[in-house]
Amino acid sequence: MPQPHVLILGQSLGLTAALRLAVKFMGSLSTLRIIFALADLQCTGAAVTASAPMFRQHGIPSDLDEAIKLHRAALDLRPTGHSLRALSLDNLAESLVDRCKQHGIPSDLEEAIELHRTALLLRPPGHSNRPISLNNLASSIEDRFEQRGILSDLDEAIELHRTALHLCPHGHFHRYVSLNNLAVTLIDRFKQQGILSDLDEAVKLHRAALLLCSPGHSNQIMSLHNLANSLVDRCKQRGIPSDLDEAIDLHRTALLLCPPGHSNRSMSLKNLAISLGDRFQQRGITSDLDEAIELHRAALLLRPPGHSDRSVSLNNLAVSLHDRFQQRGITSDLDEAIELHRAALLLHPPGHSDRYMSLNNLAVTLGERFKQRGIPSDLDDAIELHRAALLLHHPGHSDRYMSLNNLARCLRDRFKQRGILSDLDEAIELHRATLFLCPPGHLDRPASLNNLANIIEDRFEQRGIMSDLDEAIKLHRVALLLCPPGHPNRSEFFRNLASSLRARFQTLGIPSDLDEGIKLSQAAILPLPTSWSDQCRSFVNVANSLLDRFKQWGVPSDLDGAITLHRTVLFLYPPVILIDPGLSGVLHMPFTSDFTCHILRSTSLDCLATSLLDRFKQRDVPSDMDEAFGLYLQLSHLPHAASRNDLKAAKSWATFAEEMNDETALVAYQTALKSLDQHVALLSSSSRHFHVVREVTSSLALDAFSCGLRRGTLTTAVELVEQGHAVFWTQLARFRSPLDDLALSYDTGAALAEEFKQLSFRLHQSPQTRQLTMQWDDVVSCIRMLPDFSRFLLPPLFSDLQKAAEDGPVIIVNASQYSCDALIVHSAEDPVRVPLDITQGEVSELSSEFQSLAEQFGSADHQHKLVGILRKLWNCIVHPVVQALMESKVQPRSRIWWCPTAEFTLLPLHAAGPYEKNKDNLSHIFISSYTPTLAALIRARQWVSLDPSTQHFVAIGQANPDGGKGLRCVAPELAVVAECLTPIVSFTSLEDSYATVQGALDALNHNQWIHLACHGMPNRQQPFESSFAMRDGPLMIKDIVQSNWQNPEFAFLSACHTTVGDEKSPDESIHLAAAMQFSGFRSVIGSMWSVDDEVARQVVSAFYRNFIDDSGRLDCTRAAVALHKAVKSLRKKIPLEQQIVFVHIVNSNIDLAVKLLLRELELNKTSGDDSLRTTSSRSFRESSLKVKHGTSAVDLVHAIGDVRGDVDETDKFDYVATHRFTVLSHLERDDIIRKSAMR
C-alpha cells in the first residue's frame, strides 16, 4: 500500500517532497526505510540520477548537512546487530568525508574514520563486503594523510588496500578497484619517501588493472592514463627512455578513445601534452615541444571561461611556451606565457588553493623577461608576486622554503641591477630564514648554507665589513662538511671556500688563508667535474692563488705552477678561429659554446701574460716576453663583443708595453679603447655602471693620447683621446642619438634598433653565450650597412673630427703619467704637438691649489695668490700654445677652443696670463671657449631649434622639500618669473604640494623652457644620485637623463651645486647642469657652489628682465648676456663669490656677444672716460645685433676696437669666471656654510 502512494506523490511533487510527506504519515518501519531513502537521495541522489550526488551536483551545503542528519537518524534506527548497520555506518562516514572536504572540519574526518573502523569490525574475514570496508577505511585514512602529512596514515592505508586486494582474486568484481587504489597509494608514498620499489610495484599494479579493461571498458581510459603517469614518474627517477616512450603511446591510445565531444578529451589532451613536454626536457626534440603546445591549446579550447579546470590548462600552456622561449628565444612565446599566467592568477583569487602556484609561475616568467629586456617593472612585479606567495606560506608550511628562496634570489638580482643595498640586506635575512627551515640533516641545508654565504660575501664586497667575510667563510666550511666525497656540489663548495679565503688574504694578508685556499682549489680539481668550465675555474683559482703566494714569498715554483695551469686553460679553450667564408666557409669553434668559458680564457690569458712577464723580469728569458705580447695580440682580433675581462686584459697589455717600450703599445691602447666602447654600449646609464666605467678606464684615454703623440701618430692620438675622453657622456650621446635616428629611419631600422637593444641587455645581464654575441655582431653589421649609419658605435675618424676647428683651432690639453702635451687641431692643416714643461703631478698640485683657493673666495683678499696661479698656467701651459698658434699664422683676436682633460678641466685656462704691465694676457690675444670633446662641438653646430610657434615655459619651485630646510624666497622668485614671462609665453607654475617628483617630470616633459627654484643636492661619491629636492623626495639625475624631452631650449637651475660633479673623475662630470645639457637643452644656467636664497631671487629677477626683448619671443642665445647684465647690476649688493656663482653652459654655438661684453668690461675698467665707456657700449650693441651662429669672431672683435690697459685682476677674473663658456662646466667647489638659507 505505501509504495504506490509515494509514487503518486513523487509524480506530482517530486520524489524528495514525496518522501518528506511520507515520513510524516507512515509507521515506524516504513519511516526507517523512507529516512534511509531520503538520506541516500540527499547525499547520493540514487533515486534521482545514476551518476551525480545532489550535493555534489549542486554544491548546496544544506543538502549535505541534512543528509548527515538523516544518516544519523537511519543509523539510530539500525542498532547493534542489525544486518544493515554496517551500510549505515559507511553512508554516514562518506557524508562526513564529503563535508570535511567542503568545510575542512577535522572532526568530521576523524569521526568518519572511526565509523569505517566500526563497519569493518561488523564485516569480519569471510564477509562478502569486507573488501569494501577495507577500501573505505583506507581511503579515509589517506584523506587524513593528505590533510596532516602523517606518514603512518599512508603506511596503514597501503596495508589496508593490500588486504583488500588479497580478498579480490582474479575474476572478483572489485579486483580492478583494489588494484588501482593500491597503486595510487603506493605512488603517493613514493612521492613522499622516494622508495623506488613502491613505484615499480605501482607500475605492475596499473598494468594488471589495464589488462582487466577490455576494449570498450568504461575504465579503460583511466587505466591507460594511470599506467602512463606512473611510467613517467619512473622515467624521471631512473631515466629509462622506454618508460617515457611507452607512456606517450599509452596517452595517445587514450586520446584516440576520446574523440571530439568526449567528456575526457581535455584530460587526455593535457596528459599527452605533459608527457611530450617531459620528453622534450629529456632529449630536446623540438617537435615534441611544438606538439605539446598545440595539444595544450586544444585542451584550453575545451575549457572555456567558467570551466573548473581552465586555470590548469592556462598554466600548462604557459609553462610549455616558457620552455620554448628558453630554447629558441622567441619573445612572443614569453609574452604569451606571462599573459596566460596572469589569466590563471585571476582564476585563483585570495583563498584559492592554487593561488600560490599562479603567483610563483607569473613571478618566474616576469623575472625571465626582465633578464631578456631589462624592463625594471617586470623585476619589481616579480618581487611583489613572490612576496604575496610568501604570505600564503605561513611558518610551518612545506613550501615556505621555496618562497623565501625565490624572493631572495629576485632581490639579489635587483641589487645587482640597481645597487640598492636594502635589497641586499633583505635578501640576506630571507636566506637566513631559509637556512632556519633546513635544520641539520635536511637535504637542502648545504645549498642553503652556500646561498647565504655567497650573498653575505656580496655585502662584504660592497661595505668591506670583515665580520661579513668571516661569517661567509664559516658558512662555506659547514656547507663543505655536509658534502662528502661524491656529492655533486663538492667541487663548487671547495671553490667557494677557497675564493672567500683568498679574499680575506687579500684584505688582511694572513698567509694561512692563502695556503688553505690553494689546497682547497687543488682539491676542487680532483673530483669529476660537472663540466669543463668547472674544471677550468678550478685551474684558474689554483693558478691565481699560486701567483698571490709568489708575490708574497717569491717562490719560483709557484710562478712556474701558475704559468702551467693558465696554459692548460688556454689549451682547453683555444681562441675562436674565423676563416674567411669566401675561402672555405669554415667556422672553428671551441670545445664549448658557453661564454663563461670565454671569460675564463680572457682571465687566464691576462694572468698568463702577466706571469710570463714577471718571470722575464726575474730570469731574463726573451721567449717569455715574446710569448706574453703574442698572447696579448690575440685580444685585438676578438670575433665577439668585448667583455669587461677583455678590457682589463687590454689595459694590462698597454701598461706592460709602456713599461717595456714594446712596439705593440699603440695597438694595445686601440684594443683597450675599442673594448671600452663595446663594453659601455652594453651598460645602462646607472650610477653602478658609471663607477664600473670609472674603475676600468682610469687614465686610459690620456695615456693613449700621450702614446700616440710620443710615437708621432698625431691624428691617431686625436682619435684615441676622443674615443675615450668623457667616455660616459660621449657614449650616451653617440649611442642614444644614432639609435633614436635608426628607429625612425626605416621599418628595417626600427626592427634593428629594437633587436640591438634587447641583445645588448641580454649580453650584459647574464653569462653570455657565443650565439648571443654572434647575433649582436650580426645586428651591428646590418646597421652599418644602412645609409648614414656606417660609423654606428664606432669613434669618428680624424677627417670628421677636424671639422670641429672650422671656426677656430681646438687645443687638446692632456696630462698623462708619461707626458703632458697640448695638440692644436686645425681645420685644414696637420695637427701641431706642443710639449708642456710640467708633469702630471705638478698639474694635479696646481689644480688642488686653485680649488683650495676657490673655496675661500669671499672670506678674504686672495688676489695675490690667484694671480700667482694664473701666471703659472701662462708660463707652463698657455704661453707655449700661444706661441705655436702664432707660428701657425692664427690671427690675434681669433676664436680658440680649449678641450682640456683630467685635472686641466678644473683650471681656468682662459684666464691665464703674465698679469704684468705692457704684456698681454690670453684674453687680450684670443677669444677662448671650451668643449669637452671635438664631437660635442661638431654636434652643437649641427643642432637646429625647431622654434615652435608657441613657447612653453614652466617654473617649478619647492620651498618646503621633504626633510629639507625651508626657502623663504622661492615664492617671490617664481612670482617675478611669472610676471616677466606670462605676457609672451605659455606659462605654467608648479609650487609647494604640486612640485612633486612626478609632477616635475610631467612638466619637464611638456615644456621647452624651464626654471627650477629649490634645494640642489650634489652627491660627489654617487653623482647619479645628485638631485633637486621636491616635496615628496629627490628628483635625481638618472630621472632627468631618462626623460622624454620635447625640443628643450633653456634651463635656469636656481639651486646650489648644479655644476658640481664627481671629484674623482673630472673628465666624467656627472652633475645636474650636465644632465640637463645631455638631455638636449641648448642653454643652461647653473651654479658652482652654494647659492644664497636672497641672492638667487635678486639674480633671477634681474636676469629675466634682461632676458626679454621687444621681439615678443624668448631666445636662448641671449641668456649669457642677460646673466652678465644681471650680475653687473648687483655687483655692489652681493658678495663677490655670489657674483660668480652662476655659470652659463651652452649646447649650441657659444653666444659670441657675451664674450664681447666681457671685452667691453675690460674697456670700461681700464678707462675712466665716460665717453669711451659710452662708445664701447654703443659698439657692443651694434655688434650684438649682427651675432648669428657661425659669425666670425674676428669681425665682431674689430667692431668694438682694440683697447689695452691695466685692469683690476680679481675683478676681471670675477667676470671671466661668471661667463666661462663651457659646453660642460668642470669647476667644482665644496659647500660654503652660511647662516642664511642656501640652496
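Residues numbered from 1 in each chain as written. Predicted model: local features only at pLDDT ≥ 70, side-chain atom pairs only at ≥ 80, totals over all residues. Heavy atoms only, no water.

Structural notes on the overall build of the chain
For step 1, the next point in the chain: On a plain count of helices and strands, the chain comes out with 53 helices and 16 strands.
For step 2, the next point in the chain: Counting over 1239 residues, the chain shows a buried share of 56%.
For step 3, the next point in the chain: Put simply, 69% of the contacts in the chain that link residues at least 6 apart link residues at least 24 apart.
For step 4, the next point in the chain: Of the roughly 52,200 Å² of accessible surface on the chain, a fraction of 54% belongs to carbon and sulfur atoms. (Helix = DSSP H or I, 4+ residues; strand = E, 2+ residues; numbered from the N terminus. Buried < 20%, exposed > 50% of the residue type's maximum accessible area, 1.4 Å probe, protein only. Contact = heavy atoms within 4.5 Å. Areas by Shrake-Rupley, 256 points an atom, 1.4 Å probe, with all protein chains shown as cover.)

With respect to the sheet that holds strand β6 (residues 895-900)
For step 1, the next point in the chain: With mixed pairing, 5 strands are arranged side by side in an open sheet as β5-β4-β3-β6-β7. With one partner strand each, in any of the chains shown, β5 (832-835) and β7 (927-930) form the two edges of the open sheet. Here the average twist between neighbouring strands, direction ignored, is 25°.
For step 2, the next point in the chain: In this structure, β6 lies alongside β7, joined through 4 bridges in parallel fashion. Its bridge partner lying in β7, Trp898 is registered against Tyr930.
For step 3, the next point in the chain: On top of the sheet, helix α33 (residues 700-710) reaches β3 (810-815), β4 (820-825) and β5; it is set at about 110° to β3, its chief contact.
For step 4, the next point in the chain: Lying on the sheet, helix α34 (residues 714-724) is in contact with β3, β4 and β5; it crosses β4 at an angle near 100°. (Pairing = 2+ DSSP bridges. Axes fitted to C-alpha atoms, helices over the stretch in contact; angles between N-to-C directions.)

Examining the sheet that holds strand β11 (residues 1016-1017)
For step 1, the next point in the chain: The strand order across the open sheet built from 3 strands is β11-β12-β13, with neighbouring strands paired in antiparallel fashion. The open sheet has two edge strands with one neighbour each: β11 and β13 (1033-1036).
For step 2, the next point in the chain: With 4 bridges joining them, strand β12 (residues 1027-1030) and β13 adopt antiparallel strand pairing. Its bridge partner being in β13, Ala1029 is matched across the sheet by Pro1034.
For step 3, the next point in the chain: Here helix α44 (residues 997-1004) sits on the sheet in contact with β12 and β13, set at roughly 30° to β13.

Section: the pattern of salt bridges
For step 1, the next point in the chain: One pass over the full model with this rule turns up 57 salt bridges.
For step 2, the next point in the chain: A salt bridge links Asp288 to Arg279; the nearest nitrogen and oxygen atoms lie 2.7 Å apart.
For step 3, the next point in the chain: A relative accessible area of 4% means that Asp288 is categorised as buried.
For step 4, the next point in the chain: Residue class for Arg279 comes out buried when judged on its relative accessible area of 15%.
For step 5, the next point in the chain: Bridged by salt links that share partners, the residues Glu110, Arg144, Arg148 and Asp153 form one connected network. (Salt bridge = Lys/Arg side-chain N within 4 Å of Asp/Glu carboxyl O.)

Let's talk about the packing of helix α21 (residues 421-436) against helix α22 (residues 445-463)
For step 1, the next point in the chain: In the contact formed by α21 and α22, the axes pass within 9 Å of each other and the chain directions differ by 155°. Regarding the angle of α21 to α22, the classification is roughly antiparallel. Note that α21 runs across α22; the crossing there is left-handed. Residue-level inspection shows Leu421, Leu424, Asp425, Ala427, Ile428, His431, Arg432, Thr434 and Leu435 of α21 in contact with α22, the latter providing Arg445, Ser448, Leu449, Asn451, Leu452, Ile455, Ile456, Asp458, Arg459, Gln462 and Arg463. (Parallel < 35°, antiparallel > 145°, perpendicular 65-115°, else oblique. Left-handed = near helix turned anticlockwise from the far one by under 90°.)

Some remarks on helix α9 (residues 151-166)
For step 1, the next point in the chain: Look at α9: 23 Å from first C-alpha to last across 16 residues, which is about the 22 Å you get at 1.5 Å a residue.
For step 2, the next point in the chain: Regarding α9, the residues found buried are Asp153, Leu154, Ala157, Ile158, Leu160, His161, Ala164 and Leu165. Buried residues of α9, seen end-on, are gathered within an arc of 165° and therefore sit on one face of the element.
For step 3, the next point in the chain: Buried residues belonging to α9 abut α8 (130-148), α10 (175-193) and α11 (196-211). (Expected span 1.5 Å × (residues − 1). Arc of directions from axis to C-beta.)

Some words on the packing of aromatic side chains
A ring pair, where both rings are aromatic, is described by two values, the distance of the centres and the angle of the planes.
For step 1, the next point in the chain: Following the criterion strictly, the structure yields 13 aromatic pairs and no others.
For step 2, the next point in the chain: Seen from their ring centres, Trp1009 and Phe1050 are 6.1 Å apart, and the 45° between their planes marks the pair as tilted. Remark: Phe1050 occurs in strand β14 (residues 1050-1054) and Trp1009 occurs in strand β10 (residues 1009-1013); sequence separation between them is 41 residues. No difference in accessibility class separates Trp1009 from Phe1050, as the two residues are buried.
For step 3, the next point in the chain: Centre to centre, the rings of Phe1052 and Tyr1104 are 6.1 Å apart; their planes meet at 35°, and the pair counts as tilted. Here Phe1052 is found in strand β14, whereas its partner Tyr1104 is found in helix α47 (residues 1093-1107), with 52 residues between them in sequence.
For step 4, the next point in the chain: On the basis of relative accessibility, which here comes to 0%, the residue Tyr1104 falls in the buried class.
For step 5, the next point in the chain: Here the aromatic residues Phe953, Phe987, Trp1009, Phe1050, Phe1052, Phe1103, Tyr1104 and Phe1107 are joined through ring pairs into a cluster of three or more. (Phe/Tyr/Trp six-rings, centres within 6.5 Å; stacked < 30°, edge-to-face > 60°.)

Observations concerning the pairing of β6
For step 1, the next point in the chain: Counting buried residues along β6, 6 of its 6 residues qualify, which places the element largely inside the surrounding structure.
For step 2, the next point in the chain: A two-sided burial pattern is seen for β6, the buried positions comprising Arg895, Trp897 and Cys899 on one face and Ile896, Trp898 and Pro900 on the other.

Examining the environment of Ser491
For step 1, the next point in the chain: Examined against the element boundaries, Ser491 turns out to sit in helix α24 (residues 490-508).
For step 2, the next point in the chain: Separated by 30 residues in the primary sequence, Ser491 and Ser521 place their C-alpha atoms 8.6 Å from one another.

Concerning the confidence of the model for the chain
For step 1, the next point in the chain: Averaged over all residues, the pLDDT of the chain is 78; the fraction at 70 or higher stands at 75%.
For step 2, the next point in the chain: The model gives residues 576-596 a pLDDT under 50, and that stretch makes 36 contacts with residues more than four places away or in other chains.
For step 3, the next point in the chain: Within the model, pLDDT remains below 50 along residues 1057-1062, and this stretch shows 41 contacts once partners closer than five positions in the same chain are excluded. (pLDDT = per-residue confidence, 0-100.)

Some words on unusual backbone geometry
For step 1, the next point in the chain: Phi is positive for Asp620, which is not a glycine, with a value near 60°.
For step 2, the next point in the chain: Within the element layout of this structure, Asp620 appears in the loop between α28 (595-619) and α29 (622-633).
For step 3, the next point in the chain: Backbone geometry places Ala902, a non-glycine residue, at a positive phi of 50°.
For step 4, the next point in the chain: Following the sequence through the fold, Ala902 ends up in the loop between β6 and α41 (922-925).
For step 5, the next point in the chain: Judged by its relative accessible area of 9%, Ala902 falls in the buried class.

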